[in-house]
Amino acid sequence: MSSIAFVLTVLLCYIEVMDIPHSLFEEKLEKLKHTKGVKLDTDLTTYDLKDLVEQYKNVYLEARGEKFPSGAESNTPTSSRFVYFLVVLAIDPCSLS
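Residues numbered from 1 in each chain as written. Predicted model: local features only at pLDDT ≥ 70, side-chain atom pairs only at ≥ 80, totals over all residues. Heavy atoms only, no water.

How do you make sense of the pattern of salt bridges when you look at a structure like this?
Pairing between side chains becomes possible if they bear opposite charge and their charged atoms approach one another. If you walk through the whole model with that rule in mind, you get 4 salt bridges. Among the salt bridges present, the one from Lys33 reaches Glu30, with a minimum N-O distance of 3.2 Å. With Lys33 and Glu30 both in helix H2 (residues 22–36) and 3 residues apart, this pair spans about one turn of that helix. A residue is classified by how much of its surface remains accessible, and Lys33, at 7% relative accessible area, is buried. Residue class for Glu30 comes out partly exposed when judged on its relative accessible area of 38%. Asp41 is paired through a salt bridge with Lys33; the nearest N and O atoms lie 2.9 Å apart. Judged by relative accessible area, which is 39%, Asp41 ranks as partly exposed. Through salt bridges with shared partners, one network takes in Glu30, Lys33 and Asp41. (Salt bridge = Lys/Arg side-chain N within 4 Å of Asp/Glu carboxyl O. Helix = DSSP H or I, 4+ residues; strand = E, 2+ residues; numbered from the N terminus. Buried < 20%, exposed > 50% of the residue type's maximum accessible area, 1.4 Å probe, protein only.)

Encoded structure:
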């Protein structure tokens, strides 16, 4: 798994913890694939995936009314739930699909 793909996976896990509908993110992915003329997620380039991460952050901003957390300010009550998801992801990535 590329580092960008890993970031996307972690981002989607966090989104699930925050109760934001997954469909909002799926729409962005499908639109990007259509725009790039590809059928599979794996056909997207690293640059495409970096763009997708930014689009996902914007979805988060619109849904939550705040920027996607990073660094020290991400120490919120949901952090422990997110750490749980990361542990589950590390043990069995397929369990979150």
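From this point, the narrative continues.
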